[in-house]
Amino acid sequence: MGRHLMKTADAGSLSATDAGSDVTLAGWIGRRRDHGGVIFVDLRDASGVVQVVLNPEEEPASEEVLHGLRLEYCVQVVGTVRPRPEGTVNPDLPTGMVEVSASSLIVLSESDVLPFPLDGRTDIDEAKRLEYRYLDMRRSRVAENLRARSMAIRAMRNVMDEQGFLEVETPTLIASTPEGARDMLVPSRLRQGHFYALPQSPQLFKQLLMIGGVERYYQVAKCYRDEDFRSDRQIEFTQLDFEGAFWGQEEVLQTIELVARRVVKDLRDVELNEPIVRMTHAEAMRNYGTDKPDIRFDMRIADLSEVFAATEFKAFSGVLGDSGSVMGINGGPLGLARSGLDGLVSQAQDVGAKGLVWMVVEEEGSIRSPVAKFLSEAELREIVSVLDASVGDTLLIVADRTKTVLEVLGHLRLVVGKPDSHDELAFAFVVDFPVFDVADDGSLSPAHHPFTAPADIDTLINTPETAISKAYDLVLNGTELGSGSVRIHNSDMQAKVFEVMGISSEDAEGRFGWFLEALRYGTPPHAGFAIGIDRMVSILRGEPNIREIIPFPKTQSGADPLTGSPSRVESLQLGELGILVSPDVVASWDSEPDQEAASES
Ligand code: ASP
């Protein structure tokens, strides 16, 4: 490459084999050390870092320029790669064998003093990081996450392409899609008082594409859900969305498996050789107390109700008499002191248990537990056998309504069993979800969107609380990565399902009449899925929250500290939209001026 280029090599790519070659580098000053006369700087670009030696006596630039170099100045350096002198090799740096001896240095752009150091050694407040995300991403943590994200998306696209999927974009200004969250709305100027919704997912469009004869569709789709914040949620997120016609569950799961394998291979350089474990929703609940089991460790929940069928212990017999359950887990050799065990009891109570019975198996099969004296020898022996316990194991037992028992033990299982390491990856498919989640008061709420096919329509109509749907989830290390289903492909069935879901036929006609009509033009059977890309990459990167993986994320309260969104707009703009902000809201602005208002004045 000729010298006319602003750079001829990437700083992070230089190695011993480049020794002797002339290079032009461009990047940022990461660190500088003055060693009387000679100055060493770390020159960083997107590829990494290399040490540059600036010797004013060799006139790479005027002394004034060199001594004036500050952190994050953007510079161009021409120089020669040479092996580092003995004793100065840095084994921690990929380019640590070499340095670049500069023959010229030009400052391309100076930098103000930074709001926080970029050295990676300092903990920086997240709000500050987000306010200066463009500086934050010069740090290796964010930079590497961005690269991993790009790699994951590329891997996904490659698989989709190889499998013959067509990438189709769907609109983001749409009529509402019911995924169960609140819509983000966009007012229309041309039709005042009317609103677009941002898609909660491209669900109905992908189904229309199937009706339209596109047999395999995919998209890296932005989705928007106005939900309350949690660490693994953002109002705006990205999914790998796909759908296949003449497909059922099996084709979808196999496609997900191909995607998962490729992404893991590309990001982690790990081959997933075993097929992804499959279990039904009922099995997941029974064994792990959750629909997103972390199966990096087994520790299944065991039903002890039979053991205590005739027990004299009132706490257990009362619950069993009320058709509740007694279940337990073997937490293994936890070696907890009394305070640690008490801690588990309060954790169990925090998630809804009335209490928690702990037992520690001691030498010669004797059991230490506050309730041991209320239980018979035979019962104690049975517990040990059902929970397959050995000396030193701590057993945790809960007696309550079955739903509570499973929830509590599902939670404790994660507390006592969770591996610290993110190295291990345990994918699972959970299939045969119920159509409805049943709340404590017996009320039903749909577990998936209403376009999901029920396994059997009669059960759905007659005993909806027990009905199963053709819906499935992908789980990784105890986190739901995505969900999908076989869809309803018949208009009458769709109308019936709306009805059971509590959507009246007028309402359905008003909101989805166009879709019910579309279903009447020879709709192929179809099925699909969507994988949350932010979550998948965050787990593969071992990041605790998805904000680390999103290039420009929002805070927990949905704000962007960098651009100041959401922000107020001029009344003129609101006027064009026919919108008047309520006087109460305006009054609340007066008492707390926001950033936007401050910069306007
Ligand atoms: N639209 C669903 C979602 O976003 C995924 C699907 O059913 O394909 O969760």
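Residues numbered from 1 in each chain as written. Predicted model: local features only at pLDDT ≥ 70, side-chain atom pairs only at ≥ 80, totals over all residues. Heavy atoms only, no water.

Trainee: Looking at this structure, I do not really get the sheet that holds strand β2 (residues 38–45). What am I missing?
Mentor: Pairing between sheet strands relies on hydrogen bonds along the backbone, with the strands arranged either parallel or antiparallel. Pairing is mixed in the closed barrel, where five strands are placed in the order β1-β2-β3-β5-β4. Neighbour to neighbour, the strand axes of the sheet diverge by 55° on average, direction disregarded. Note: strand β4 (residues 74–83) against strand β5 (residues 98–109), 10 bridges, orientation antiparallel. Paired with Val75 across the strands is Val107, a residue of β5. (Pairing = 2+ DSSP bridges. Helix = DSSP H or I, 4+ residues; strand = E, 2+ residues; numbered from the N terminus. Axes fitted to C-alpha atoms, helices over the stretch in contact; angles between N-to-C directions.)

Trainee: Looking at this model, I keep getting lost on the sheet that holds strand β12 (residues 302–303). Mind explaining?
Mentor: Strand order in this open sheet of five strands is β12-β13-β16-β14-β15, and the pairing throughout is antiparallel. The open sheet has two edge strands with one neighbour each: β12 and β15 (367–368). Across six bridges, strand β13 (residues 325–330) lies against strand β16 (residues 394–400) in antiparallel orientation. The residue of β16 that forms the bridge with Gly328 is Ile397. Lying over the sheet, helix α11 (residues 402–417) contacts β13 and β16, oriented at roughly 10° with respect to β13. (Contact = heavy atoms within 4.5 Å.)

Trainee: Sorry, what's going on with the packing of helix α4 (residues 140–162) against helix α15 (residues 533–540) here?
Mentor: The axes of two packed helices give the description: the angle between them and the distance between them. It is at 10 Å that the axes of α4 and α15 come closest, and there the two elements cross at 120°. It follows from the interaxial angle that α4 and α15 lie oblique. In the packing of α4 onto α15, the handedness of the crossing is right-handed. The segment α4 lies against α15, with Ala148, Arg149, Ala152, Ile153 and Met156 engaging Ile533, Asp534, Met536 and Val537. Within the contact of α4 with α15, the residues separate by chemical class into seven nonpolar, no polar and two charged. (Parallel < 35°, antiparallel > 145°, perpendicular 65-115°, else oblique. Left-handed = near helix turned anticlockwise from the far one by under 90°. Nonpolar A, V, L, I, M, F, W, Y, C, P; charged D, E, K, R; others polar.)

Trainee: Would you explain the environment of Pro56 in this entry?
Mentor: Here Pro56 is to be found in the loop between β3 (48–54) and α1 (63–68). Spatially, the C-alpha atom of Pro56 lies 8.3 Å from that of Ile39, the residues being 17 residues apart in sequence.

Trainee: Is there a simple way to explain α11 in this structure?
Mentor: Given 3.6 residues per helical turn, the α-helix brings residues three or four places apart onto the same face. Compared with the 22 Å implied by 1.5 Å per residue over 16 residues, the 21 Å span of α11 between its first and last C-alpha is a close match. Restricting attention to buried positions, one finds in α11 the residues Thr404, Val405, Leu406, Val408, Leu409, Gly410, Leu412, Arg413, Val416 and Gly417. (Expected span 1.5 Å × (residues − 1). Buried < 20%, exposed > 50% of the residue type's maximum accessible area, 1.4 Å probe, protein only.)

Trainee: In this structure, what is going on with the confidence of the model for the chain? I would like to understand it.
Mentor: Summing up the model confidence of the chain, the mean pLDDT is 92 and the portion of residues at 70 or higher is 96%. Confidence drops under pLDDT 50 across residues 596–601; counting only partners more than four residues distant or on other chains, this segment forms five contacts. (pLDDT = per-residue confidence, 0-100.)

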